[in-house]
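One-letter residues, chain by chain:
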Amino acid sequence: MKSFFKYVLATVTGIVISFILLVVVGLIIIGGMISSMTADKAATVADNSLLHIDLRHQITERTIPDPFEELDVPGFTTTKSFGLNDILKGIEGAKDDDRIKGIYLDLSAVSASFATLQEIRDALLDFKSSGKFIVAYSEGYTQRAYYLASTANKIYVNPEGTVDFRGLASQTPFIKGTLDKLGIEMQVVKVGTFKSAVEPFILDRMSDANREQVTSFLGSIYNHFIDQVGASRHLTADSLRTIADGFLVKTADDAVTYGLADGKRYKDELLAELKDSLAIDQDKDLNAVALTKYKPSVPSNRASVRDRIAVVYAVGEIGPGEGGDDMIGSERISRELRKVRRDDKVKGVVFRINSPGGSALASDVIWREVDLLRKEKPVIVSMGDVAASGGYYIAAAADSIFAQPNTITGSIGVFGVIPNMQGLMNDKLGITFDEVKTGKYADFLSNVDRPLTADERNILQMEVNRIYDTFIQRVADGRHLSKGQVDSIGQGRVWSGEQALANGLVDRLGSLDDAIAAAARKAGLEDYRLVTYPAIKNPLESLLGGSTDRISVWFAKRELGEQYAYYEQVKNTLRQRGIQARLPYAFDIH
C-alpha cells in the first residue's frame, strides 16, 4: 500500500509539473505573438528625421508574421525576417515624406542575393533623385553590402574596418566521396549537357560543361556589379577590376585611397556629422525612424478603387500539395491562380516567382493554371533572385517575363536520381533483403537495396526524355520559338537575367514595380488597387496552422544560425520524389 501511494504521488506530481510547463510555454508563445503584433504599429516620425535602414535581417519576398520572432529564449540567437515588399514600400514612402530628410544606411550585415539587392538599390537611387541624401556606414563592408552602399552620397568606414572588394566567387560542395565511404551509389538519369544538379552526387569536381556555364553567368553578374558600382562612384570598370584582381583594398585607408570610401569615421564622428547636416545641436539626439517600424501613409481613397492588379507570389521549391510560405505547393498556388482568374475585379496579374524549381509534375500543374489565366487576363512574370528549371517552367506561359540582370534563370532540363544503398545495407550494416513479387517490375523504384537493371534504367531515361520534350514544347509555345531553338539554349544551362534577355528567355530587365506597371498598361488601367495572393496569415492563424512544424523550424534556425541553409538543403533533397526540374545545385555567390 505504501508503494502504491508513492507511485500515485509521483504520477500526480509529474502531471502537475507537465501542466505548469505547458502553461509557461503557452504564455511565452502568447507573449511572443502579442509582441510581434504590437511591433506592427507605426513609429512616430518627427520632423527633420532620418530613415535608418539596417538590413541584418533575413530578407524574404514578403513580410510573414512570425509568432516566435520576438521570443527571448536563453541560448538562442534571434534572426528576424523582413519582406522586400515592405523595404521597397518604406523607401518609396520616405522619398515623398517631408519629415524625412535622408537615409542612414547601416550596413553591418546584409543577407540577400544580388537580384533582391538590385531591387533595393534601384529604390535607393530613386530616393536620392528627390534631392535627399544617403549616408552609408559600416565597420566592414561585404561585397553585397557595398553594392548597396555605392548608391550613397557619402560612404564611411570604421578606421579599423575595410571594404571587401575582391571579385565574385561561387562554390559547390561535392559529396561523392562521402557517399562512396557509405556504400551509396546515386543512379542518375537526365537530359541536358548542362543539367548539373546531380554532379555533387556522382563527381568530385565540376564537369567541363558545368564550369563553362558557371563561368559565363557569374561573369555576367560580375560585369553588371562592376558597371553599377563604377557609375555610382565615378570609377572606370577597368580601375575597379584592377582593384579587385590585385586585392588592393585591405584597410580603411586603402578604401579611401582607391575611391571606394569617402572617409574613415568612428560611430560618434558619424553621428556628429549627421547632426550637422540636419542642423541639430550636438547635445541633442538625432531623430531617426527604423525602416522596420516606418509605415508610409497610404492615400485613403484607394479602398474605393474597383479595378485591381493581383500579385501572386510563388516562393521556394516546387512540390505537390499545399506547400507553405517558403515552399510552392501546386495545389495552393493553382487554387490562388484560379481565384484571380474568376475575380472580375482583377484586370491583370503579376506572377512573382522566386524558385529553383522542383517536381516536374507539380510544375506542369501550375503551368496549366497560368496558361488558362493568360487566355482571360494579362499575365506578367516578375522573377526574383532565381526562377530556374521548374521556376522557369511555371513562367513560360505568361504574356511577358521581367527579370533583374542578376537573376538566375533558365536551367531548362530534367533529371531523376535513384539511390542504390546495397553497399551500405549489405557491406556496412550487414542487412540483406529477400522478396516475392508478382511481376518483373513490381518492385521497380520501391527498393533501394539493389542497382537498376538495364531495362529499368531505359524506362526511366525514356520518361525523362518525354518530360524534357514536354518542357521545351511549353517554353517554345510560350516564347514563340521553335523546339530546336529552345533546346539549343536549354540542355539544363543556367543563365543570368541579362543573358536570358539576349537569348529570348526574358522580355525585359526590370523590377517588380516595372512588371506591375506593365500589367496595368496591358490591362488598360490608369487607376487600380494592388492585391496580393496567397493571403498572409496573422500570427495566430500561422501558429495554429502548423504549430509543431513552426516551432521545430524556429528552434532549428536559432540553433544552427547560418548553417540552417545546409540543413534545409539536405532535407529538401531527401523529400524529392519523381522526375525533377530544378536548379543544378545550391550555390551562393559572394
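None of these values were measured; they are calculated from a predicted model.

(A) Geometry of empty space enclosed by the protein. Scanning the model with the defined rule gives 1 cavity of 30 Å³ or more in all. Counted as a void, the largest cavity has a volume near 40 Å³. Partitioned by chemical class, the residues of the lining of the largest cavity number 5 nonpolar, 2 polar and 2 charged.

(B) Geometry of the pattern of salt bridges. Throughout the structure, instances matching the rule amount to 31 salt bridges. Of the charged contacts, one joins Asp 343 and Lys 345 as a salt bridge, the two residues approaching to 4.0 Å between their closest N and O atoms. The exposure class assigned to Lys 345 is partly exposed, which follows from its relative accessible area of 28%. In this structure, the salt-bridge partner of Asp 364 is Arg 474, at a minimum N-O distance of 3.0 Å. Of this pair, Asp 364 sits in helix α12 (residues 360-374) while Arg 474 sits in helix α15 (residues 454-479); the two residues are 110 residues apart in sequence, bridging distant segments of the chain. Within the structure, one salt-bridge network assembled from shared partners comprises Arg 338, Arg 341, Glu 369 and Glu 376.

(C) Structural view of the environment of Phe 444. Tracing the chain through its elements places Phe 444 in the loop between α14 (422-428) and α15. Residues Phe 444 and Glu 456, 12 residues apart in the sequence, show an inter-C-alpha distance of 7.3 Å. In this structure, Phe 444 is in contact with Leu 452, Glu 456, Ile 459 and Leu 460, ignoring residues within four places of it in sequence.

(D) Inspection of the packing of helix α7 (residues 208-233) against helix α8 (residues 237-245) at higher detail. Relative to each other, α7 and α8 sit at 115°, their axes nearing to 9 Å. Looking at the two axes, α7 sits roughly perpendicular to α8. The two elements α7 and α8 cross, and the hand of that crossing is right-handed. Seen from α7, the contacting residues are Tyr 222, Asn 223, Ile 226, Asp 227, Val 229 and Gly 230; seen from α8, they are Ala 237, Leu 240, Arg 241 and Ala 244. In terms of residue class, the contact of α7 with α8 is built from 6 nonpolar, 2 polar and 2 charged.

(E) Focus on the packing of aromatic side chains. Scanning the entire structure with this criterion turns up 9 aromatic pairs. Measuring from centroid to centroid gives 6.1 Å for Tyr 141 and Tyr 146, while their planes differ by 85°, and the two rings are edge-to-face. Each member of the pair, Tyr 141 as well as Tyr 146, carries the same accessibility label: buried. Among the aromatic residues, those joined into a ring-pair cluster are Phe 114, Tyr 141, Tyr 146, Tyr 147, Phe 165, Tyr 222 and Phe 225. A cation sits over an aromatic face here: Arg 121 above Tyr 147, 5.0 Å from the ring centre. Positioned above the aromatic ring of Phe 247, the side-chain terminus of Lys 250 is 5.1 Å from the ring centre.

(F) Expanded view of a nonpolar patch on the surface. A cluster of nonpolar side chains, Leu 429, Ile 431 and Phe 433, forms an exposed patch at the surface whose accessible area comes to about 290 Å². Relative to the helices and strands, Ile 431 is located in the loop between α14 and α15. We classify Ile 431 as partly exposed; its relative accessible area is 34%.

Conventions and cut-offs
Residues numbered from 1 in each chain as written. Predicted model: local features only at pLDDT ≥ 70, side-chain atom pairs only at ≥ 80, totals over all residues. Heavy atoms only, no water. 1 Å grid on protein atoms, 1.4 Å probe; cavity = no way out; pocket = protein on both sides within 12 Å on 5 of 7 lines; lining within 4 Å. Points joined across faces, edges and corners; volume = space filled by probe spheres on them. Nonpolar A, V, L, I, M, F, W, Y, C, P; charged D, E, K, R; others polar. Salt bridge = Lys/Arg side-chain N within 4 Å of Asp/Glu carboxyl O. Buried < 20%, exposed > 50% of the residue type's maximum accessible area, 1.4 Å probe, protein only. Helix = DSSP H or I, 4+ residues; strand = E, 2+ residues; numbered from the N terminus. Contact = heavy atoms within 4.5 Å. Axes fitted to C-alpha atoms, helices over the stretch in contact; angles between N-to-C directions. Parallel < 35°, antiparallel > 145°, perpendicular 65-115°, else oblique. Left-handed = near helix turned anticlockwise from the far one by under 90°. Phe/Tyr/Trp six-rings, centres within 6.5 Å; stacked < 30°, edge-to-face > 60°. Lys NZ or Arg CZ within 6 Å of the ring centre and 35° of its normal. Patch = residues over 30% accessible without salt bridge, like charges linked within 9 Å, V, L, I, M, F, W, Y side chains within 5 Å. Areas by Shrake-Rupley, 256 points an atom, 1.4 Å probe, with all protein chains shown as cover.

Just distances and angles here, no functional claims.
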